[in-house]
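Chain by chain, the residues:
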Amino acid sequence: MAVNKAPSTPFFTPANNAGAAIDPNAPNTPTLFRPLSIRALTLKNRIIVAPMCMYSTEPNPSSATIGALTDYHISHLGHLALKGAGLIFIEATAVQANGRISPNDSGLWQEGTQSAQFLGLKRVVDFMHAQGAKVGIQLAHAGRKASTVAPWIAAERGVRSLRAESSGFGWPDDVVGPSGGEEEAWAGGEAFWAPRELSTAEVEEVVRAFAKSAELAVQAGVDVIEIHGAHGYLINQFLSPVTNKRTDKYGGSFENRTRIVAEVAAAIREVIPEGMPLFLRISATEWLEDKPVAAAAGSWDINSSFELVKQLPAWGIDFLDVSSGGNHKDQHIEPHTNYQIDLAAQIRQKIREAGEKTLVGAVGLITQAEAAKDIVQGADEAYAAEDMLTGSQPKADAILIARQFMREPEWVMSTAKKLDVKVTVPVQFGRAI
């Protein structure tokens, strides 16, 4: 029997497509293992690898390879592709050098298709495609949470965050945010730098930087772009009245504070194919309700997210990735199994009540097969009538998992087995199944 070589890799790699249900149309195939179509893209299952910062690139700005993905990323992400995830997101990738969380973050700001950043990305994308996965990239700017050291270095000092000094390739004088000053640092002491306020022209340049990175990502073969608007990074900082005290067109009213999302989405849509999906990750709430810091102007809460989702179809955003928190040290979170899944469910319900079709992803503490199945069961419109007979109410259209994949890289395969779904396997693994 002939083995088909994967066309995108310059070495012998059989073309794989693990994790696809053998019979996705069978009545007993759970929605989790049914395809999901988003614009011109079809995912083989509803299991998405969420972006995971690895803090594993060259930090030295004098090096041409600064921020470029490496063999480590091929091993880390390629292994998840080999094991059957439908869509795999490359970690938060900075659109500007000062937009990195740490000096070791991934970046995509270098010019041209011969840069180390572009070539590193393309090599990772090509390998994941060879294994049958679709590839997304999360474009990001860390804003006031930038120029910190990798977490394991901070842990050596017994702290969760530690500022990266100039001597450690940090950029203490170029940490930025919607508002500036010592009082705008995420936390005091040695944890975070105080940001300076971006000028209006600099905000407009950030918008252009997102578009430039998206254009390069398309040229590298990426299938999905995600805008990172969560976890207290720059776009999240603009959204929240707690961190955005501007008086120009990017501050004040809800319309002004959300303007950066509208402009980034429009700029990206201009440079990506019409059939390419555009995702947005948000913190559905920053968990500051009733906190003193929110007393004057309020905070970003679930009602703010309800208002935001009304705009997404007009902005060309197809999929909302629902997370929470991360924008202020005074947040009060009580994590439990469904704490973010419930947020996703509320948002999805509002979207459907409005007659819109924006897709919703649930993320956070998803580890078990049955729970994952229940989150999306009935979310496939093609089978909606059939699935309604079960009485299930979908909470999301897809699930996103990060840390569980680090603990259990074969999660897709083990979940299929637990749910009694026969799926394709890599040709190299056939004798082990």
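For clarity, every value in this text was computed on a predicted model and none was experimentally measured.

> How would you explain the pairing of strand 4 (residues 87-94) if you had to name every residue and give the values?
Counted residue by residue, strand 4 has 8 buried out of 8 residues, so it is predominantly covered. Summarising the sheet, strand 3 (residues 47-49) and strand 4 pair through 2 bridges and their orientation is parallel. The residue bridging isoleucine 48 from the neighbouring strand is leucine 87, located in strand 4. With 6 bridges joining them, strand 4 and strand 6 (residues 134-140) adopt parallel strand pairing. Across the sheet, isoleucine 90 pairs through a bridge with isoleucine 137, a residue of strand 6. Relative to strand 5 (residues 106-107), strand 4 runs parallel, the two sharing 2 bridges. Each bridged residue has a counterpart across the sheet, and for alanine 94 the counterpart in strand 5 is glycine 107.

> Outline the packing of aromatic side chains, supporting the account with residue identities and numerical values.
By the definition in use, this model includes 8 aromatic pairs. Geometrically, the ring pair formed by phenylalanine 279 and phenylalanine 319 is stacked, given 4.1 Å between the ring centres and 10° between the ring planes. In this pair, phenylalanine 279 sits in strand 10 (residues 278-283) while phenylalanine 319 sits in strand 11 (residues 319-323), placing the two residues 40 residues apart along the sequence. One exposure class covers both phenylalanine 279 and phenylalanine 319, and it is buried. One aromatic cluster is present, formed by Phe89, Phe279 and Phe319 through successive ring pairs.

> How would you summarise the pattern of salt bridges if you had to cite specific residues and measurements?
Taken as a whole, this structure holds 18 salt bridges when the rule is applied. The residue arginine 123 makes a salt bridge to aspartate 71 at a minimum N-O spacing of 2.5 Å. With a gap of 52 residues between them, arginine 123 in helix 2 (residues 116-130) and aspartate 71 in helix 1 (residues 71-82) connect regions that are remote in the sequence. The shortest N-O distance in the salt bridge between glutamate 202 and arginine 196 comes to 3.0 Å.

> Outline the environment of proline 409, listing residues and values.
Within the fold, proline 409 resides in the loop between helix 13 (403-407) and helix 14 (411-418). Sequence-wise, proline 409 and valine 309 are 100 residues apart; in three dimensions their C-alpha atoms are separated by 33 Å. What proline 409 contacts, discounting residues up to four positions off in sequence, is His79, Leu80 and Lys83.

> Before we move on, could you go through unusual backbone geometry and cite the residues and values that matter?
In most cases, non-glycine residues show a negative phi, while peptide bonds are predominantly trans. For arginine 39, which is not glycine, the phi torsion reads 50° and is therefore positive. Position of arginine 39 relative to the elements: it lies in the loop between strand 1 (36-38) and strand 2 (41-43). Of the residues examined, arginine 39 reaches a relative accessible area of 40% and is grouped as partly exposed. A positive phi angle is found at phenylalanine 169, which is not glycine, with a value near 70°. Mapped onto the elements of the fold, phenylalanine 169 is located in the loop between helix 3 (151-156) and strand 7 (176-177).

> Tell me about the packing of helix 4 (residues 200-219) against helix 7 (residues 259-271), residues and numbers included.
Packed helices, taken two at a time, are described by the angle their axes make and the gap between the axes. Relative to each other, helix 4 and helix 7 sit at 35°, their axes nearing to 8 Å. Once helix 4 is placed against helix 7, the crossing between them reads as right-handed. Across the interface between the two elements, Val203, Val207, Phe210, Ala211, Ala214, Glu215 and Val218 from helix 4 touch Ile260, Glu263, Val264, Ala267, Ile268 and Val271 from helix 7. For the contact of helix 4 with helix 7, the per-class residue count stands at 11 nonpolar, no polar and 2 charged.

> How would you explain the environment of phenylalanine 254 if you had to name every residue and give the values?
Within the fold, phenylalanine 254 resides in helix 6 (residues 254-257). Distance from phenylalanine 254 to serine 240, taken between C-alpha atoms, is 8.9 Å for residues 14 residues apart in sequence. Residue contacts for phenylalanine 254: discarding those within four places in its chain leaves Trp300, Ser304, Glu307 and Leu308.

> Can you break down helix 4 residue by residue, with the values?
The end-to-end C-alpha distance of helix 4 is 29 Å, a good match for the 28 Å that 20 residues give at a rise of 1.5 Å each. Where helix 4 is concerned, the buried positions are Val203, Val206, Val207, Ala209, Phe210, Ala211, Ser213, Ala214, Leu216 and Ala217. Elements in contact with the buried residues of helix 4: helix 2, strand 6, strand 9 (224-229), helix 5 (234-239) and helix 7. Positive phi appears at glycine 221, one or two residues downstream of helix 4, with a value of about 100°.

> Tell me about the packing of helix 1 against helix 2, and please be specific about residues and values.
The geometry of helix 1 relative to helix 2 is characterised by a closest axis approach of 9 Å and an angle of 25° between their N-to-C directions. Judged on the interaxial angle alone, helix 2 and helix 1 are roughly parallel. Note on packing geometry: the crossing formed by helix 1 with helix 2 is right-handed. In this structure, helix 1 uses Asp71, His73, Ile74, Leu77, Gly78 and Ala81 to contact helix 2, whose residues at the interface are Arg123, Val124, Phe127 and Met128.

> An account of the pairing of strand 12 (residues 359-363) is needed here, citing residue identities and associated values.
For strand 12, the tally of buried residues reaches 5 of 5 residues, placing the bulk of the element in the interior. Residues Leu359, Gly361 and Val363 point to one face of strand 12 and Val360 and Ala362 to the other, with burial holding for every one of them. Pairing of strand 11 with strand 12, which is carried by 4 bridges, proceeds in the parallel orientation. By the bridge assignment for strand 12, leucine 320 is matched with valine 360. The parallel pair strand 11 and strand 12 is bridged by helix 10 (residues 341-353), and the resulting crossover is right-handed. Looking at chain direction, strand 12 and strand 13 (residues 398-401) are connected through 3 bridges and run parallel. Note on strand 13: the bridge partner recorded for glycine 361 is alanine 398.

The rules behind each value
Residues numbered from 1 in each chain as written. Predicted model: local features only at pLDDT ≥ 70, side-chain atom pairs only at ≥ 80, totals over all residues. Heavy atoms only, no water. Buried < 20%, exposed > 50% of the residue type's maximum accessible area, 1.4 Å probe, protein only. Helix = DSSP H or I, 4+ residues; strand = E, 2+ residues; numbered from the N terminus. Pairing = 2+ DSSP bridges. Phe/Tyr/Trp six-rings, centres within 6.5 Å; stacked < 30°, edge-to-face > 60°. Salt bridge = Lys/Arg side-chain N within 4 Å of Asp/Glu carboxyl O. Contact = heavy atoms within 4.5 Å. Axes fitted to C-alpha atoms, helices over the stretch in contact; angles between N-to-C directions. Left-handed = near helix turned anticlockwise from the far one by under 90°. Nonpolar A, V, L, I, M, F, W, Y, C, P; charged D, E, K, R; others polar. Expected span 1.5 Å × (residues − 1). Parallel < 35°, antiparallel > 145°, perpendicular 65-115°, else oblique. Right-handed = clockwise from strand over helix to strand, strands pointing away.

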